[in-house]
8 protein chains.
Amino acid sequence: MRGADSDGVLFDHCRGSRIGLPEAVFSPGKPWPILLSLLERFQSQPVLFTRLENEIFAQAPADLRQKYDYDPISRTAFAVTQSDQGDFARVAVVSAGSSDAQVAREAARTLFFLGYHQTLYEDSGVAGIWRLTGRLEEINRHEVIIVVAGLDAALASVLGGLTPRPIIAVPTSVGYGLARAGESALASMLVSCSPGVTVMNIDNGYGAACAAARILRLLAR
Amino acid sequence: MRGADSDGVLFDHCRGSRIGLPEAVFSPGKPWPILLSLLERFQSQPVLFTRLENEIFAQAPADLRQKYDYDPISRTAFAVTQSDQGDFARVAVVSAGSSDAQVAREAARTLFFLGYHQTLYEDSGVAGIWRLTGRLEEINRHEVIIVVAGLDAALASVLGGLTPRPIIAVPTSVGYGLARAGESALASMLVSCSPGVTVMNIDNGYGAACAAARILRLLAR
Amino acid sequence: MRGADSDGVLFDHCRGSRIGLPEAVFSPGKPWPILLSLLERFQSQPVLFTRLENEIFAQAPADLRQKYDYDPISRTAFAVTQSDQGDFARVAVVSAGSSDAQVAREAARTLFFLGYHQTLYEDSGVAGIWRLTGRLEEINRHEVIIVVAGLDAALASVLGGLTPRPIIAVPTSVGYGLARAGESALASMLVSCSPGVTVMNIDNGYGAACAAARILRLLAR
Amino acid sequence: MRGADSDGVLFDHCRGSRIGLPEAVFSPGKPWPILLSLLERFQSQPVLFTRLENEIFAQAPADLRQKYDYDPISRTAFAVTQSDQGDFARVAVVSAGSSDAQVAREAARTLFFLGYHQTLYEDSGVAGIWRLTGRLEEINRHEVIIVVAGLDAALASVLGGLTPRPIIAVPTSVGYGLARAGESALASMLVSCSPGVTVMNIDNGYGAACAAARILRLLAR
Amino acid sequence: MRGADSDGVLFDHCRGSRIGLPEAVFSPGKPWPILLSLLERFQSQPVLFTRLENEIFAQAPADLRQKYDYDPISRTAFAVTQSDQGDFARVAVVSAGSSDAQVAREAARTLFFLGYHQTLYEDSGVAGIWRLTGRLEEINRHEVIIVVAGLDAALASVLGGLTPRPIIAVPTSVGYGLARAGESALASMLVSCSPGVTVMNIDNGYGAACAAARILRLLAR
Amino acid sequence: MRGADSDGVLFDHCRGSRIGLPEAVFSPGKPWPILLSLLERFQSQPVLFTRLENEIFAQAPADLRQKYDYDPISRTAFAVTQSDQGDFARVAVVSAGSSDAQVAREAARTLFFLGYHQTLYEDSGVAGIWRLTGRLEEINRHEVIIVVAGLDAALASVLGGLTPRPIIAVPTSVGYGLARAGESALASMLVSCSPGVTVMNIDNGYGAACAAARILRLLAR
Amino acid sequence: MRGADSDGVLFDHCRGSRIGLPEAVFSPGKPWPILLSLLERFQSQPVLFTRLENEIFAQAPADLRQKYDYDPISRTAFAVTQSDQGDFARVAVVSAGSSDAQVAREAARTLFFLGYHQTLYEDSGVAGIWRLTGRLEEINRHEVIIVVAGLDAALASVLGGLTPRPIIAVPTSVGYGLARAGESALASMLVSCSPGVTVMNIDNGYGAACAAARILRLLAR
Amino acid sequence: MRGADSDGVLFDHCRGSRIGLPEAVFSPGKPWPILLSLLERFQSQPVLFTRLENEIFAQAPADLRQKYDYDPISRTAFAVTQSDQGDFARVAVVSAGSSDAQVAREAARTLFFLGYHQTLYEDSGVAGIWRLTGRLEEINRHEVIIVVAGLDAALASVLGGLTPRPIIAVPTSVGYGLARAGESALASMLVSCSPGVTVMNIDNGYGAACAAARILRLLAR
């Protein structure tokens, strides 16, 4: 580029490789040539692509796509996972409804990529609280709980009062009007009347999995 | 899905079946295959589809579409209504202008689906207050009043000062600039100087009908 | 006043006397001489004073104070109640915690003033959900339910999924930081995933009682 | 002041003397010595002091106070008015309730100071719309209408639909919760469904009078 | 529509016919069949269509389009203007830059439709203040001034300090980032340090013309 | 209270006793008689009082005060701690500056009350990043890290990129203007470019300690 | 245009030609015919086009496009640069990640257009702080530093504590959820705990270069 | 403090000593004993105390107070200034009105403390633009311009179009209603249509002086 001395390939915005968390590529906004070169570069390395829409991924050549494990709901892709962390630790990903599926599954897939066991409990919202209480004993058998909920996000508070486990709450941008693209769910979680609930950015399933991994790694020492 | 132990069909986010309110499917954001399977599953059950856009519904096979009573303005569909609740109770749906039609009719259609009588009074905004006062006596003959208005939402306050009936106010996202997609109308209704006006989320005609149904069921005991 | 042709006594901002709701005086911001003259004027009339702080009321002469039934927590006062509405109808006022007491009791006292029976269920927040479920059957024996909650306001959603009764939700300004003086609780209630929950302005216990009265009067016809 | 080359008396922030509008002193935040010196300086000049609280004004020596026409509700003071503008033009100041008195009277007093006739119609809110309609013919006999209202500010829309006169709407900071210190009233007025309603800053009665004066001066040419 | 007793044609949201202001149709959000029927109905009546995008208008049959005077920048259309108001009154529409053209011209076209003279002074922003001061004397020869500006909206304050005329300020949604779709310009205008500047909703050129018409009609008496 | 059937003692808003977290009393807003009775009731029980201002606590009788371990900076008090959790686990509380002391020490004191070891690293903000990097190795020897920071909250991101430990970030309400009482720090932490940083409500040192306790209890199994 | 007396070509909104800053055309929102005529008019003049998307520029005739130096990432174009300012002064443009490339390169290209040397340091975010510290000495050899960062914008604070140079910080709209389209990065930069950091509007790389030019011109005197 | 291993004196939040900017103490929120010890410690060192209210400073012993140069309007104090920077560079501090005095003088005093010449031009707001243009030539003789303005902050844009000098704009929290405690002025400055205006946090006169010092030090090399 004339008018700027810098050149060459563009790298990802935030990386955590030195602290043991997944090398990840946040796909939105990246021009296709750059994204394609990254997909080519990482076809035999443990790198996680997040927010990779189906329509975008479909533009890659078929042989390159075959190298990747791609999931269209979580919109994640990777060619190689990180080494397995064993079966000592498990994470329960509990979501309020089917509209939260993208975020819940982004968390689950990131944990899978990192080598951790996880179980997905979808459709556990408080409007039908018997769905949650019926599963409570099983959920409590996991080391860490990720709660994914939009709208009133009441699930985080109710679960926070029923379990002693670390809780990582992820608000989702589900809803319209006063849902305010997830800001109301976020506020509900932050002011939860159940003590010790920690919170991530809206829709940040990837970050919740990283936070869980920071805890699980502690258990593995 | 690899990387997540959960699987199978996705269910709706919020359901109220155990408390006697309509089983409903909120359509936006649902992938078409899932929506199609739900339309197929519920073609002989009393389930209400909301926010089902015309372009989406048109993708269904003609014979399936014929099973449904679909209204393109309210964007609602159902194959079977809930059992008729008799004629003891009636709801007046009063809206400020034609731009509020989608929301007002979502309320009216949900009431119809639930078996309640309703009358729609559109174009009753306060910029021409004689349109409202001329219909007041008739409106007051209904048991419950749903007010649908955007912009300044002055209709809720004016009507609140003219009727002793329960009032359920629905702000709409009509307008531009300071209308702020309905937030200004919502605030106006919440701080109404007429006492006892209750309020729903922006554009939530479905919810207003459910709130009315909670009251009407009380009358039916 | 020189420079303005108007003069004389100042009246209250919003009144609902023509629609059968309580004649009320909203006390904050009123100069003491005006408030005092209103207390004197209404010592044998059914008028409700709201938000009347203890320090303010204490400035009135003892013999005037004795004419009034004053409650320092709800900050309400009246000399005469409206005529009794009979025992056909009852309201449950359910609050999340002790910090919501001012608002919950303002609702209860307004109902008492209007001649309606009410029961107060305090400390029923979802962080200890067994407190709520243990009282559920009793709560459901009331005609209308007023829910008072701050912070995450999860109580409204949980209760909305457990009862078919009309629900009037009042957010409170309890909390700090993201509680945003009640705005987060308000948003949670408006986007509640339980259908048919109606909502009042923050801390508006008086308004919730008026909304309940609109419903109860319908039952009395 | 050491460390700054500037010195001397501080002047008022915004003045409009060259355009014929009142020379005014906005009192809040001004240190008392400066305010006192301004009161002394302008005891025989047509200068308007606004937002001058009673407790502040009371600190001035009695003989200086006697020079001024001070009104504690509008919190305005002046020693000399501008020359009388004759009786060709009149302004109606219509307010919703007694809580709006400070702002409504600030507008009325500023008009008086400028030499214009005005009439104050207080307690005209829409919760009792008959109070407004009963006065409508008289209000319409004024050249310009200033509407002062807080909460839902529905008065501006209703009046805007009933009069062809220029309307200058002033939102007030009355109320709590979603009233948001006047922001909701402001938004309601800006999105009024009655065309041609112009709006001032929250509580800006002084500015509304200036806007009316700009119109009245046109009539006087 | 089944499920709602109301039927027939939908009318416009806000109308001002009884107060002498233009009968107008706000086009956005109206379904095409309804818009088309309105264009057909009003081809020989003085009705103003606002926010009518070129792509929408182009869908009408050629012979219907020929009946209308359509301007693609202001996005206004009318078949017949209201009767001419004579040349006694004139309005200056002053805008800051070319990005404000849509709004400035909506104001100018509405005035033309109403029969009032107007002059358009575009590109008069304060970054080159000599453009404004060079035109000041000519601008001041108009009865009313409409100021159209986005971004910092400094033009309203500067002009407000230079002219004694009534000023109607319209913020525009020009800009990005902190321009916040016109909210920053709106706030700047409302807190203008020049007294007596009145303000309209963001991008509301139509409303500004109506406000000017309210003043001009006063002059015509 | 007349007009409400409920009576008796008021309990705390949010409690976590059934899940093993500290029984706590949030002091602000509680009337003094109630607070005093709680101080008397819990003088030999492991209950933590938070946000108990010095001026309030000083009102208690000297002999009651002597029963309590009170710290005026963290504004916490307790008579008995929970049983010691052993020395297997430690928490580093890292704060940006001295203005964050109240919150950082609330976290440290809550951990002490719960029986966990903690070290306080104050004045570690990034404007002098060598203060942080010089202490990094020592900080990393703790199991969990609580980061307390206001203003730009850059400390959370920088530390998040330097440590693999679980990070619980607490924004503080330090600062003025765009600090927006902690909202800007909160947003910075939620969008931290270091993955896996979890966040608490503004100034919620107590909650951060509870979140740490949820993790440490896992280690102790 | 009928109904408006003004006519002719539309000019750009904001220009700074009299103060020596680049004559610039802000492209978004300009109709294509106007944009095309401006491209034709300025093919031999030093005018900078900003935010000119590739798809838009591609519509110009090939021979006209050849006259221009166009860069698709920064979306800038010019046919002639301003005269070279010599090599006495240099600017370092430091950005946090590849997602900030558009804004960083808009700054770099504007400086090039103005004749100033600049170096681009991309991918220097604080999640990997060694990337920044390793380049610090080299960065400090430049006269002025432009920092471009989104999300938590911690880079501005960290760099502000490490260099004595003038710092111009540009927040970017990178991110989702609480990133709030750059508002959180903007707030972080404004409350930076490193003193003397100046800030531009979100994504305003062009403005940052102009601010740098104001400083560099001072050095050249 | 029992329950926290840390102890000793608390240091200031943000310091810039290593980059050559003033060692400063931000006074608000600091307990008096700590503030007193800092005043004692720095009575012969070049440290600047900011936001030190008169009532607070007056609590210090008279002999300590005598050591300090204290200014009650800017609320700054120092015992020793930094070494004089010579007379090569000068800063113009231009403020809109007398309400901006605290902030303007904080900037001027900080520059004096740092050894730089400055001139204060108060009362230069755009409502009387002749006050500004009459001083323009003199203002332009300074190397750097600090603009201090609240309300519409139009002064920054107007001055930005009239001078080629580096401009550092400081919004002030002057005003009420839509002034929003300085947020509107801040937004106006950030979206200024004059290119190259840099902006500080609301009321941050100290920071503006530091930013000017970063530029002036460049000139001194």
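Parameters and conventions
Residues numbered from 1 in each chain as written. Chains lettered and ligands numbered in written order. Predicted model: local features only at pLDDT ≥ 70, side-chain atom pairs only at ≥ 80, totals over all residues. Heavy atoms only, no water. Helix = DSSP H or I, 4+ residues; strand = E, 2+ residues; numbered from the N terminus. Buried < 20%, exposed > 50% of the residue type's maximum accessible area, 1.4 Å probe, protein only. Contact = heavy atoms within 4.5 Å. Buried area = accessible area lost by both parts, 1.4 Å probe. Salt bridge = Lys/Arg side-chain N within 4 Å of Asp/Glu carboxyl O. Polar contact = N/O pair within 3.5 Å; in protein donor to acceptor, adjacent residues only side chain to side chain. Nonpolar A, V, L, I, M, F, W, Y, C, P; charged D, E, K, R; others polar. Least-squares fit on C-alpha atoms with pLDDT ≥ 70 in both. Pairing = 2+ DSSP bridges. Domains from an automatic or database assignment. Right-handed = clockwise from strand over helix to strand, strands pointing away. Phe/Tyr/Trp six-rings, centres within 6.5 Å; stacked < 30°, edge-to-face > 60°. Axes fitted to C-alpha atoms, helices over the stretch in contact; angles between N-to-C directions. Parallel < 35°, antiparallel > 145°, perpendicular 65-115°, else oblique. Left-handed = near helix turned anticlockwise from the far one by under 90°. pLDDT = per-residue confidence, 0-100. Expected span 1.5 Å × (residues − 1).

K.L.:
Help me out: how do you make sense of the overall build of chain A in this one?
P.N.:
Helix and strand counts for chain A stand at 9 helices and 9 strands. Relative to its full complement of 221 residues, chain A shows a buried share of 67%. If you take every contact in chain A between residues at least 6 apart in sequence, the share linking residues at least 24 apart comes to 67%.

K.L.:
Is there a simple way to explain unusual backbone geometry in this structure?
P.N.:
Trans peptide bonds make up the majority, and among non-glycine residues the majority have a negative phi. All names here are of chain D. We note that Ala153 has phi near 55°; this positive angle belongs to a residue other than glycine. Examined against the element boundaries, Ala153 turns out to sit in the loop between strand E7 (144–149) and helix H7 (154–160). What makes Ala153 buried here is its relative accessible area of 2%.

K.L.:
What should I look at first to understand the interface of chain B and chain C in this one?
P.N.:
Note on interface size: it is often stated as the accessible area lost on association of the parts. Between chain B and chain C, the residue contacts involve 36 residues of the former and 36 residues of the latter. When chain B packs against chain C, the two sides together hide about 3,000 Å² of surface, and 64% of this comes from carbon and sulfur. Inspection of the chain B/chain C interface yields 0 salt bridges. Between the two partners, chain B and chain C, sit 11 residue pairs in polar contact (both at pLDDT 80 or more). Contributions of two or more residues to the side of chain B that touches chain C are made by helix H8 (183–190), strand E9 (197–199) and helix H9 (205–220) of chain B. With 9 residues, the single largest contributor to the side of chain B that touches chain C is H9 of chain B. Along the lines of polarity and charge, the residues of the side of chain B that touches chain C split into 22 nonpolar, 9 polar and 5 charged.

K.L.:
I tried to follow the pattern of salt bridges on my own but got confused; where do I start?
P.N.:
Close approach of charged atoms allows side chains of opposite charge to pair. Residue and element names in this part refer to chain H. A full pass over the atoms with the stated rule returns 48 salt bridges over all chains. Across the pair Asp69 and Arg109 runs a salt bridge whose closest N-O atoms are separated by 2.9 Å. One end of the pair, Asp69, is in strand E3 (residues 69–71); the other, Arg109, is in helix H4 (residues 101–114), and 40 residues separate them in sequence. Of the two residues, Asp69 and Arg109, both sit in the buried class.

K.L.:
What exactly am I supposed to notice about the relation of the copies chain B and chain C here?
P.N.:
What relates the two chain copies is a rotation about an axis together with a slide along it. Of the transformation placing chain B onto chain C, the axial shift is 0.0 Å and the rotation is 180°, giving an RMSD of 0.0 Å. The operation mapping one copy onto its partner corresponds to a two-fold rotation axis. A shared interface surface links the copies, since 100% of the contact residues of chain B are contact residues in chain C too.

K.L.:
Help me understand the pairing of strand E7 (residues 144–149) of chain A, please; the structure alone is not making it clear to me.
P.N.:
Each regular strand carries side chains that alternate between the two faces of the sheet. Residues and elements named next belong to chain A. With 6 of its 6 residues buried, E7 lies for the most part within the structure. Side chains Val144, Ile146 and Val148 of E7 all project onto a buried face; the interleaved residues Ile145, Val147 and Ala149 project onto the opposite face, where all are buried too. Pairing geometry for strand E5 (residues 90–95) and E7, over 5 bridges, is parallel. If you follow Ser95 over to E7, its bridge partner there is Val148.

K.L.:
So what exactly am I meant to see when it comes to the interface of chain G and chain H here?
P.N.:
Listed by partner, the interface residues are 36 residues for chain G and 36 residues for chain H. Breaking the side of chain G that touches chain H down by element, the ones donating at least two residues are helix H8 (183–190), strand E9 (197–199) and helix H9 (205–220) of chain G. By residue class, the composition of the side of chain G that touches chain H is 22 nonpolar, 9 polar and 5 charged.

K.L.:
Quick question: what am I supposed to make of the relation of the copies chain G and chain H here?
P.N.:
Mapping chain G onto chain H leaves a residual RMSD of 0.0 Å; the transformation is a rotation of 180° accompanied by 0.0 Å of translation along its axis. Mapped onto chain H, 100% of the interface residues of chain G again fall at the interface, so both copies present the same surface.

K.L.:
For this particular structure, what's the right way to read the domain arrangement of chain A?
P.N.:
Residue and element names in this part refer to chain A. Under the domain assignment, chain A is made up of domain 1 (19–78) and domain 2 (90–220). Here domain 1 and domain 2 have C-alpha centroids that lie 25 Å from each other. The junction of domain 1 with domain 2 conceals about 1,500 Å² of combined surface from both sides, 61% of it contributed by carbon and sulfur atoms. Taken as a group, Leu21, Pro22 and Ile73 account for 33% of the area that domain 1 buries against domain 2, more than any other trio of residues on that side. Here domain 1 and domain 2 share 2 salt bridges between them. Across the pair Arg51 and Glu106 runs a salt bridge whose closest N-O atoms are separated by 3.2 Å. Applying the counting criterion to the domain 1 and domain 2 interface returns 4 residue pairs in polar contact (both at pLDDT 80 or more). Where the side of domain 1 that touches domain 2 is concerned, the elements lending two or more residues are strand E2 (47–50), strand E3 (69–71) and strand E4 (76–78). Residues belonging to the side of domain 1 that touches domain 2 are distributed by class as follows: 11 nonpolar, 4 polar and 4 charged.

K.L.:
Would you explain the pairing of strand E1 (residues 23–26) of chain F in this entry?
P.N.:
Residues and elements named next belong to chain F. Looking at chain direction, E1 and strand E2 (residues 47–50) are connected through 4 bridges and run parallel. The residue of E2 that forms the bridge with Phe26 is Thr50. Following the chain from E1 across helix H1 (residues 32–41) to the adjacent parallel E2, one finds a crossover that is right-handed.

K.L.:
Which parts of the structure should I look at to understand the packing of aromatic side chains?
P.N.:
Aromatic ring pairs: the centre-centre distance and the angle between the two ring planes describe each pair. Taken as a whole and judged by the stated rule, the model has 56 aromatic pairs over all chains. Plain terms: the ring middles of Phe78 of chain A and Phe113 of chain A are 5.3 Å apart, the flat faces sit at 45° to each other, and that makes the pair tilted. In this pair, Phe78 of chain A is assigned in strand E4 and Phe113 of chain A in helix H4 (residues 101–114), connecting sequence segments 35 residues apart. Each member of the pair, Phe78 of chain A together with Phe113 of chain A, is buried. Ring plane angle 55° and centroid distance 6.5 Å describe the contact between Phe42 of chain E and Phe49 of chain E, whose orientation is recorded as tilted.

K.L.:
Can you walk me through the side chain of Thr163 of chain E in this structure?
P.N.:
Positionally, Thr163 of chain E belongs in the loop between helix H7 (154–160) and strand E8 (167–171). Within the structure, Thr163 of chain E has its side chain in polar contact with the side chain of Asn140 of chain E (distance 2.4 Å). Looking at Thr163 of chain E, its side chain comes within polar contact range of the main-chain nitrogen of Arg165 of chain E, at 3.2 Å. If we ignore the near neighbours within four places in the chain, the residues touching Thr163 of chain E are Ile19 and Arg214 of chain D together with Asn140 and Ile145 of chain E.

K.L.:
What exactly am I supposed to notice about the environment of Ala60 of chain D here?
P.N.:
Tracing the backbone through its elements, the reader meets Ala60 of chain D in the loop between helix H2 (54–57) and helix H3 (62–67). Dropping the residues within four chain positions of it, Ala60 of chain D is found in contact with Trp32, Leu36 and Arg65 of chain D.

K.L.:
Is there a simple way to think about the packing of helix H9 (residues 205–220) of chain A against helix H9 (residues 205–219) of chain F in this case?
P.N.:
When two helices pack together, their arrangement is captured by the angle between the axes and the distance separating the axes. Running from N to C, H9 of chain A and H9 of chain F point in directions that differ by 30°, and their axes come no closer than 10 Å. In terms of orientation, H9 of chain A lies roughly parallel with respect to H9 of chain F. Between H9 of chain A and H9 of chain F lies a crossing of right-handed hand. Here Ile215, Leu218 and Leu219 of chain A of H9 of chain A lie close against H9 of chain F, whose contacting residues are Ile215, Leu218 and Leu219 of chain F. Of the residues assigned to the contact of H9 of chain A with H9 of chain F, the class counts are 6 nonpolar, no polar and no charged.

K.L.:
Got a minute to help me understand the confidence of the model for chain A in this structure?
P.N.:
Any segment with low pLDDT has predicted coordinates that should not be analysed in fine detail. Residues and elements named next belong to chain A. Model confidence for chain A is summarised by a mean pLDDT of 87, while 89% of its residues fall at 70 or above. Ranking the elements of chain A by mean pLDDT puts helix H5 (residues 129–133) last, at 85, and strand E8 (residues 167–171) first, at 98. Note on residues 4–13: pLDDT under 50 across the span, and 32 contacts to partners over four residues away in sequence or across chains. As a predicted assembly, this complex carries a pTM of 0.91 together with an ipTM value of 0.89.

K.L.:
Help me understand helix H9 (residues 205–220) of chain H in this model?
P.N.:
Because the α-helix completes a turn every 3.6 residues, residues three or four places apart line up on one side. When the terminal C-alpha atoms of H9 of chain H are compared, their 22 Å separation across 16 residues agrees well with the 22 Å that a helix rising 1.5 Å per residue should span. Counting buried positions over the 16 residues of H9 of chain H gives 13, a clear majority of the element.

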